[in-house]
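# Fold and geometry: a report
Chain residues, written in single-letter form:
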Amino acid sequence: MPDVLGEILTAIVTPFRADGSVDLDRFRALAAHLVENGSDGLVVTGTTGESPTLSDEERFALYEAAVDEIGDRASVVAGTGTYSTEHSVHLTERAHEIGVDGFLVVTPYYSKPPVRGIVEHFKAIAAVSDRPVVVYNIPGRVVLNLDTDAISQLAEIPTVRAVKQANADLEQAGRIVDLGLDLYAGDDDLVFPFLELGGRGGVCVHTHVVGPRVNEMVRRFREGDVDGARAVDEELRPSIELLRVAPNPIAIKCALNLLGHDVGGLRLPLVEATEEEQEVVRGCLERLGLLQHAEA
C-alpha cells in the first residue's frame, strides 16, 4: 500500500457562521491555506473539527469539500471513529465513497471495551475500505491506553498502517515504530521527540498558525540537521503554550480569528475564549511574530 498521507497533517477546525451552521466556503479557504503553508494533508472532522457536535450530513459535506478543494495536492483523512462500531462503519463507508485517502479512528471512548472488543471494532471498520487506517491512541480523552500488545494486534489488520499517539511514553512510541507502523505525534510537542524515534510526523493543531515552521523542522531533521530542527522546535514553544490556554479547539479558533481567518465560534458545550484567554493567545502570537504580520 503506497504512502499517501504525508508527514505533517493538520487536524482542521470546522468554521461556523454566526447562526451556528457549517461555513463550507470558509472551510475551503482554510483548507487551501493550510496546504499552501506546510500541511501535507488534513484530518477532517477530528475532535479539533468539533466532530461530536456535527451531524453525519455535515461530516459528509466537509469530506466532499476537502476532496474537491485540496484532494489533488494533499491527503484528506476522515475522522470516522466513534464509540459505536455500527456508526463508525457507516461513516467510513460513506467517506470511502466520497474519495478520502484514509481514516483516523479513535479508540472507542466512554464504554471502556476490553482489548478483544477494540480489535473487533477496528476490524469491522477496516473491512469496508482498502485505504489506510490510522489508529488514534489518546488515553487522556478516552481513559484507555492502547498498550503495545493491543497495538500489535491491531497491526495485524492489513489496512492499519499508522498510529496517532497522544501519549508521551517514548518507549511505547519506539515500539510502535518497531512494529512497522507509521508513528504520528498526537500532541504537537511530541513531533520532534517522535522524529528522533523514527516517527513519520504529526497530526497537529498548531500547524494552523505555524505550519511552515513545523514543515521546516521536519525537513531539517530529514536532511540530517538535527540541531537545526531542535532549534526550530524550541522556537515553536509559544505555539504549544497557545494550545494550552483553553480546551481544544477553543484557543486555536481564537488564534485563527485574531489572524483574520474568521472561522467563527464554537458549538456548545464548547464556548469561546474569555477576554483573559484571548489576551494570552494574542501574546503567544506576538511572541511567534505572527500577529504583527497579520495586522500589517
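The present account deals with the structure reproduced in this document. (Residues numbered from 1 in each chain as written. Predicted model: local features only at pLDDT ≥ 70, side-chain atom pairs only at ≥ 80, totals over all residues. Heavy atoms only, no water.)

What follows concerns the nonpolar core. One finds I12, V44, Y63, F122, L242 and I252 to be the most contacted residues of the largest nonpolar core, which totals 82 residues. If near-sequence neighbours (up to four positions away) are discounted, I12 is found in contact with F27, L30, A31, L34, L42, V43, V44, T48, G49 and H208. Grouped together as the second largest cluster of nonpolar side chains are 15 residues, L104, V134, Y136 and V142 included. (Core = buried A, V, L, I, M, F, W, Y, C linked by side-chain atoms within 4.5 Å. Buried < 20%, exposed > 50% of the residue type's maximum accessible area, 1.4 Å probe, protein only. Contact = heavy atoms within 4.5 Å.)

With 5 of its 5 residues buried, strand 3 (residues 75-79) lies for the most part within the structure. Of the two faces of strand 3, the one holding S75, V77 and G79 and the one holding V76 and A78 are both buried throughout. Judged from the 4 bridges that link them, strand 2 (residues 41-44) and strand 3 form a sheet pairing that is parallel. Across the sheet, residue G41 finds its bridge partner in strand 3, namely S75. The parallel pair strand 2 and strand 3, bridged by helix 2 (residues 56-70), forms a crossover whose chirality is right-handed. Strand direction decides the pairing type here: strand 3 and strand 4 (residues 102-106), joined by 3 bridges, are parallel. Looking at strand 4, one finds that V77 is bridged to G102. Assessed by its sense of winding, the connection that carries the chain from strand 3 through helix 3 (residues 85-98) to strand 4 is right-handed. (Helix = DSSP H or I, 4+ residues; strand = E, 2+ residues; numbered from the N terminus. Pairing = 2+ DSSP bridges. Right-handed = clockwise from strand over helix to strand, strands pointing away.)

Attention now moves to the state of the cysteines. Summed over all chains, the structure comprises 0 disulfides. C204 takes part in no disulfide bond, and the closest cysteine sulfur, belonging to C284, lies 17 Å away. For C254, which is in no disulfide, the shortest distance to another cysteine sulfur is to C284 and amounts to 10 Å. The buried category is assigned to C254, whose relative accessible area is 10%. (Disulfide = S-S within 2.5 Å.)

The next thing to look at is the sheet that holds strand 4. Strand order in the closed barrel formed by 8 strands is 1-2-3-4-5-6-7-8, and the pairing between neighbours is parallel. Direction aside, neighbouring strands of the sheet carry axes that sit 25 degrees apart on average. As judged from the 4 bridges shared by strand 4 and strand 5 (residues 133-137), these two strands associate in the parallel manner. Bridge assignment links V106 to a residue of strand 5, and that residue is Y136. (Axes fitted to C-alpha atoms, helices over the stretch in contact; angles between N-to-C directions.)

In this structure the tally under the stated criterion is 3 aromatic pairs. Ring plane angle 90 degrees and centroid distance 6.1 Å describe the contact between F192 and F221, whose orientation is recorded as edge-to-face. With a gap of 29 residues between them, F192 in helix 8 (residues 191-196) and F221 in helix 9 (residues 207-222) connect regions that are remote in the sequence. For F192, a relative accessible area of 4% corresponds to the buried category. Here the basic side chain of R94 rests over the ring of F60, its NZ or CZ set 5.8 Å away from the ring centre. Positioned above the aromatic ring of Y136, the side-chain terminus of K164 is 3.9 Å from the ring centre. (Phe/Tyr/Trp six-rings, centres within 6.5 Å; stacked < 30°, edge-to-face > 60°. Lys NZ or Arg CZ within 6 Å of the ring centre and 35° of its normal.)

This next bit is on the side chain of K253. Mapped onto the elements of the fold, K253 is located in helix 12 (residues 250-258). A distance of 2.7 Å separates a polar side-chain atom of K253 from the backbone oxygen of T14. Those residues within four positions of K253 in sequence are excluded, and the remaining contacts are V13, T14, F16, E50, V263, G264, G265 and L266. (Polar contact = N/O pair within 3.5 Å; in protein donor to acceptor, adjacent residues only side chain to side chain.)

This paragraph deals with the environment of L24. With respect to the helices and strands, the residue L24 is situated in helix 1 (residues 24-36). Spatially, the C-alpha atoms of L24 and A66 are 9.4 Å apart, while their sequence positions differ by 42 residues.

What follows deals with helix 9. One turn of the α-helix equals 3.6 residues, which is why residues spaced by three or four share an orientation. The end-to-end C-alpha distance of helix 9 is 18 Å, clearly below the 22 Å that 16 residues give at a rise of 1.5 Å each. Listed as buried for helix 9 are T207, H208, V209, V210, G211, V214, E216, M217, V218 and F221. (Expected span 1.5 Å × (residues − 1).)

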